[in-house]
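# Residue-level structural notes
Next come the chains, spelled out residue by residue.
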Amino acid sequence: MRNMLDFSSWHTLLTTALGLLLASLLMVGIRLVFMQTIQRRQQRENRQINERLKTLIAAYKTLGGSFTGQLQVSPAHMRDLRRPAANPMSSLASAEGDPATGEEALAPLTSTQRQRRVRDAVEAALSDVILLGTEEQVQLAAQAAQDMVAGRSIETAQLVVSLRQFIRAALDLEPIAQHLPIPVQGPLRPGGSGGAGARRANADGGVRGSGGGAGVDMGAGGSGMGVATHPPGGDPADNEGPATSAASGR
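Residues numbered from 1 in each chain as written. Predicted model: local features only at pLDDT ≥ 70, side-chain atom pairs only at ≥ 80, totals over all residues. Heavy atoms only, no water.

### Details of helix 6 (residues 157–170)
Short version of the rule: Helical segments are the DSSP runs of H or I of at least four residues, strand segments are the runs of E of at least two, and each set is numbered from the N terminus. Multiplying 1.5 Å by the helix residue count minus one yields the expected span of that helix. The rule is simple: take the accessible area with a 1.4 Å probe, protein chains only, and divide by the maximum for that residue type; under 20% is buried, over 50% is exposed, in between is partly exposed. In this analysis, two residues are considered to be in contact whenever any of their non-hydrogen atoms come within 4.5 Å of each other.
Taking 1.5 Å per residue, 14 residues should reach 20 Å; helix 6 reaches 20 Å between its end C-alpha atoms and fits that length. Residues Ala 157, Leu 159, Val 160, Ser 162, Leu 163, Arg 164 and Ile 167 constitute the buried set of helix 6. Buried residues along helix 6 sit against helix 1 (10–63), helix 4 (113–132), helix 5 (135–149) and strand 2 (154–155). Positive phi appears at Asp 172, one or two residues downstream of helix 6, with a value of about 60°.

Rendered as structure tokens:
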């Protein structure tokens, strides 16, 4: 170290100090570049993990947001419901079954607006799981999607259990105790569309509107009663004569 530092003259001392300064700046710059590169990579990985967890948590809420009621998802579409009406003979044959081949009778397809909303939400959640889920979750979601394409109702309980275990492990949460029973979970039921509330509000608005109209009509009638009418061709002064004399007599 002493051989590297030369203090024999001011020129050599200045040259040595500048060399040490440049070497220090170079080392600090290289360190900062490496630190920024590693930090950006970590931030990108954390962002990806957060987005993945956020998407899978939303899929978990959609696929397992209910414990009671109808836990199966019906894949029926409106076009499937219109086909029996368009071809009643085929619908009758499918309902009676084929005794020769031993085929069972098919249950009639029924669907409501809420069931169709549940189906759409479940299909979107399955698509997210297929995109960002683990290998097991992708297999379960793909099987459920194939069943829906084939026209069979599905249950999401097994996929919900896999999602719950993965999310808790990713968040460093302790696993749920085995002795704790958890009911079978099904798809989230969408909230009311506000149809009843809207109809009630429209009814209240109609009543208020009719009441306001009646008040306006009554006001108009009252004002009409207060206006003095004159016979056609008459003189207004003739009609005001008795009233003027009565007022002067008072």
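### A closer look at unusual backbone geometry
The phi torsion at Asp 172 lies on the positive side, around 60°, for a residue other than glycine. Turning to its location among the elements, Asp 172 is positioned in the loop between helix 6 and helix 7 (195–226). Here Asp 172 falls in the exposed class, since its relative accessible area comes to 71%.

### Regarding the confidence of the model for the protein
Spelled out, the test is: Every residue gets a pLDDT, meaning the predictor's confidence in that residue, from 0 to 100.
Of the residues in the protein, 59% reach a pLDDT of 70 or more, and the chain-wide mean stands at 73. Within the model, the stretch residues 88–98 combines pLDDT values under 50 with ten contacts to residues more than four positions away or in other chains. In this model, residues 209–250 is a region of pLDDT below 50 whose contacts with residues beyond four sequence positions or in other chains number four contacts.

### Brief notes about the packing of helix 4 against helix 5
Applicable threshold: Here an axis means a line fitted to C-alpha atoms, over the contact stretch when the element is a helix, while the angle between two N-to-C directions is reported on a 0 to 180 degree scale. Each crossing gets its hand from how the near helix is turned against the far one by less than a right angle, where anticlockwise is left-handed and clockwise is right-handed. Each residue gets one of three labels, nonpolar for Ala, Val, Leu, Ile, Met, Phe, Trp, Tyr, Cys and Pro, charged for Asp, Glu, Lys and Arg, and polar for the others, Gly among them.
As a packed pair, helix 4 and helix 5 sit with axes 9 Å apart at the nearest point and diverge in direction by 145°. Here helix 4 and helix 5 pass one another in a crossing that is left-handed. From helix 4, Arg 119, Val 122, Glu 123, Leu 126, Val 129 and Ile 130 reach across to helix 5, where they touch Gln 137, Val 138, Ala 141, Ala 142, Ala 144, Ala 145 and Met 148. In the contact of helix 4 with helix 5, the residues fall into ten nonpolar, one polar and two charged.

### Description of the nonpolar core
Rules: Within this scheme, the nonpolar core is defined by two criteria: the residues are buried Ala, Val, Leu, Ile, Met, Phe, Trp, Tyr or Cys, and they are joined through side-chain atoms within 4.5 Å.
In this structure, Leu 63, Val 122, Leu 126, Val 129, Ile 154, Leu 159 and Leu 163 are the most contacted members of the largest nonpolar core, which totals 19 residues. Broken down by secondary-structure element, the contributors of at least two residues to this core are helix 1, helix 4, helix 5 and helix 6. Sort the elements by how many residues they give to this core and helix 4 lands first, with five residues. Contact partners of Leu 159, with chain neighbours within four places excluded, come to Leu 63, Leu 126, Val 129, Gln 137, Leu 140 and Ala 141.

### A short note on the side chain of Thr 156
Within the secondary structure, Thr 156 is located in the loop between strand 2 and helix 6. When its relative accessible area of 2% is taken as the criterion, Thr 156 is described as buried.

### Considerations on the pattern of salt bridges
What counts here: A carboxyl oxygen of Asp or Glu within 4 Å of a side-chain nitrogen of Lys or Arg is what we treat as a salt bridge.
The final tally for this structure, using the stated rule, is three salt bridges. Put simply, Arg 119 and Asp 120 hold a salt bridge, and the shortest N to O gap is 2.8 Å. Since its relative accessible area comes to 5%, Arg 119 is described here as buried. Under the relative-accessibility criterion, Asp 120 is labelled partly exposed at 41%. The salt bridge involving Asp 147 is made with Arg 152; its shortest N-O contact spans 2.8 Å. With a relative accessible area of 16%, Asp 147 lands in the buried category.

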